[in-house]
Amino acid sequence: MTLFSFPSAKAANCEGPSSSSSSSRTDNSDHSAMSTATIDAPGAASAVDVDVSIASSSAGGSKDTLLQKEASKPVDKPESALKSFLSGGVGGACVVVVGHPFDLVKVRMQTSNLQESTFGVLRKTFAKEGVPGLYRGVTAPLTAVTPVFALSFWGYDMGKRAVKAMDRSTALNPGEAYKFTIPQLVAAGGLSAIPTTLAMAPSERIKCLLQVQANEAEKGGKAKYSGMMDCGRAVYKEGGIRSLYRGTVLTLMRDVPGSMAWFGTYELVKKELMHLQGIDPDTGTLSPLAVLCAGGFAGMACWSIAIPPDVLKSRYQTAPEGMYSGLGDVYGHLMKEEGPSALFKGMKPAMIRAFPANAACFLGMEVAREAFAFMD
């Protein structure tokens, strides 16, 4: 309607300033105004049509652009759970090969009154028993720790999925690449310890029993078990499944906070090293040396928290049946007989072992992840 008023006003202005216009001129002016309106009307309609066409074209173009943008967004596809499982198993095997001699020393120091240094015990063991002595009881952890670490990294992957599912912000940005915070990764690490402990507790007890009997053999005693299978059968015969899972609560007390520190520290150190090296954390990869450093610090963080419950676990799992009534009884005896310092027995060998063993673990895991990338 507005388009019609402008030509009419223009026609009226064409009348001029004279006030004594003839009637014929007035009629002609009116006729001109009507003609102008008649001529302008189709033009106005055409302008509207053009405007609508342009608007439709713009809307279509905008729609196509939005579709292109949506198509170009990164799809947040979770990694293969099987890849996490297999790469974790490779990392676990690396841990055992590198760290078992130090683990042997740790358990011997925790379960006896040895006053020698870590390397003193290693030298003594090597001199008397050679390399096989340093790897006494290795069959149990190698058989169990490989799948246990596989479960640990699988559990970490599942923990991350659970943490992400609980984050309401994912519903606001579906399909976009999700970025985990360090506290979320710490929580996922704690969740990973639950399936791990269920598989690990029996082998942990067998490993400790085999390592401790070496202390008795050094004193002239007779070895009670001939190997892992014999030890497992004897423990099961002694008290059934319950005996095999003896110390599970203590294992959880060690592994839940330990795993939180382990995964959290690895992710934090890795992220900081990437920033220092100018690498984009979302697309870049660390050098093997940087992965070794991050893994080593992760292991040290883990064991600095896990040693006190590990001491209680080792005492409880290797004690004769009926010696302790539970966790509180183990703790009470330890405080009464040896004092608070006993809770940190084996700290030195554990920390010495932690860096190389866990550095090897994470490097093995990362290499395996690259090799199994086709599974995603």
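Basis of the calculations
- Residues numbered from 1 in each chain as written.
- Predicted model: local features only at pLDDT ≥ 70, side-chain atom pairs only at ≥ 80, totals over all residues.
- Heavy atoms only, no water.
- Helix = DSSP H or I, 4+ residues; strand = E, 2+ residues; numbered from the N terminus.
- Buried < 20%, exposed > 50% of the residue type's maximum accessible area, 1.4 Å probe, protein only.
- Areas by Shrake-Rupley, 256 points an atom, 1.4 Å probe, with all protein chains shown as cover.
- Contact = heavy atoms within 4.5 Å.
- Core = buried A, V, L, I, M, F, W, Y, C linked by side-chain atoms within 4.5 Å.
- Phe/Tyr/Trp six-rings, centres within 6.5 Å; stacked < 30°, edge-to-face > 60°.
- Lys NZ or Arg CZ within 6 Å of the ring centre and 35° of its normal.
- Salt bridge = Lys/Arg side-chain N within 4 Å of Asp/Glu carboxyl O.
- pLDDT = per-residue confidence, 0-100.
- Axes fitted to C-alpha atoms, helices over the stretch in contact; angles between N-to-C directions.
- Parallel < 35°, antiparallel > 145°, perpendicular 65-115°, else oblique.
- Nonpolar A, V, L, I, M, F, W, Y, C, P; charged D, E, K, R; others polar.
- Polar contact = N/O pair within 3.5 Å; in protein donor to acceptor, adjacent residues only side chain to side chain.

(A) Focus on the overall build of the protein chain. Along the backbone of the protein chain there are 12 helices and zero strands. In the protein chain, the succession of α and β elements from N to C terminus is α-α-α-α-α-α-α-α-α-α-α-α. Per-residue burial for the protein chain yields a buried fraction of 41% across its 376 residues. Carbon together with sulfur atoms contributes 64% to the accessible area of the protein chain, which is approximately 20,000 Å² in total.

(B) Focus on the side chain of Ser203. Mapped onto the fold, Ser203 is located in helix H7 (residues 182–218). Owing to a relative accessible area of 13%, Ser203 belongs among the buried residues under this scheme. Residues in contact with Ser203, not counting those within four places in the same chain, are Ala140 and Ala144.

(C) Representation of the nonpolar core within the structure. Counting 26 residues, the largest nonpolar core has Phe149, Phe153, Trp262, Tyr266, Leu286, Cys361 and Phe362 as the members making the most contacts within it. Mapped onto this core, the elements with two or more residues apiece are helix H3 (81–110), helix H5 (139–166), H7, helix H9 (248–276), helix H10 (288–318) and helix H12 (347–371). Residues contacting Phe153, with those up to four places away along its chain left out, are Ser84, Gly88, Trp262, Phe263, Cys361, Phe362 and Met365. With 16 residues, the next largest nonpolar core counts Trp303, Tyr316, Tyr324 and Leu334 among its residues.

(D) Looking closely at the packing of aromatic side chains. Taken as a whole and assessed by the stated rule, the structure comprises 10 aromatic pairs. Note on Phe153 and Phe263: the rings are 5.4 Å apart at their centroids and 85° apart in plane angle, and the pair reads as edge-to-face. Of the two residues, Phe153 is situated in helix H5 and Phe263 in helix H9; the sequence distance between them amounts to 110 residues. As far as burial versus exposure is concerned, Phe153 and Phe263 are alike and both buried. On the numbers, 4.9 Å between centres and 75° between planes, the contact of Tyr178 with Phe180 is edge-to-face. Cluster of aromatic residues (ring-pair linked, three or more members): Phe149, Phe153, Tyr156, Trp262, Phe263, Tyr266 and Phe362. Just above the ring of Tyr316 sits the side chain of Arg246; from NZ or CZ to the centre is 4.7 Å.

(E) Focus on the pattern of salt bridges. Counted under the stated rule, the structure contains 12 salt bridges. Because the salt bridges share partners, they merge into one network encompassing Glu204, Lys207, Arg254, Asp255, Asp310 and Lys313.

(F) Geometry of the environment of Ala360. Mapped onto the secondary structure, Ala360 falls in helix H12. Classification of Ala360 by relative accessible area gives buried; the value is 16%. Distance from Ala360 to Gly295, taken between C-alpha atoms, is 7.5 Å for residues 65 residues apart in sequence. Setting aside chain neighbours within four positions, we find Ala360 in contact with Cys94, Val98 and Leu292.

(G) Just the confidence of the model for the protein chain, in detail. For the protein chain, per-residue confidence averages 76 on the pLDDT scale, and 74% of positions sit at 70 or higher. When the elements of the protein chain are averaged for pLDDT, helix H1 (residues 2–13) gives the smallest value, 38, and H9 the largest, 92. Across residues 1–74, confidence stays below pLDDT 50; counting only partners more than four residues off in sequence or on other chains, it has 13 contacts.

(H) Up close: the packing of H9 against H12. In the contact formed by H9 and H12, the axes pass within 13 Å of each other and the chain directions differ by 70°. Regarding the angle of H9 to H12, the classification is roughly perpendicular. Across the interface between the two elements, Trp262, Tyr266 and Lys270 of H9 pack against Asn358, Cys361, Phe362, Met365 and Glu366 of H12. For the contact of H9 with H12, a count of residues per class yields five nonpolar, one polar and two charged.

(I) A look at the side chain of Ser87. Here Ser87 lies in helix H3. Within the structure, Ser87 has its side chain in polar contact with the backbone oxygen of Lys83 (distance 2.8 Å). A polar contact is formed between the side chain of Ser87 and the backbone oxygen of Ser84, at a distance of 3.2 Å. Those residues in contact with Ser87, other than ones at most four positions away along the chain, are Met365, Ala368, Arg369 and Phe372.

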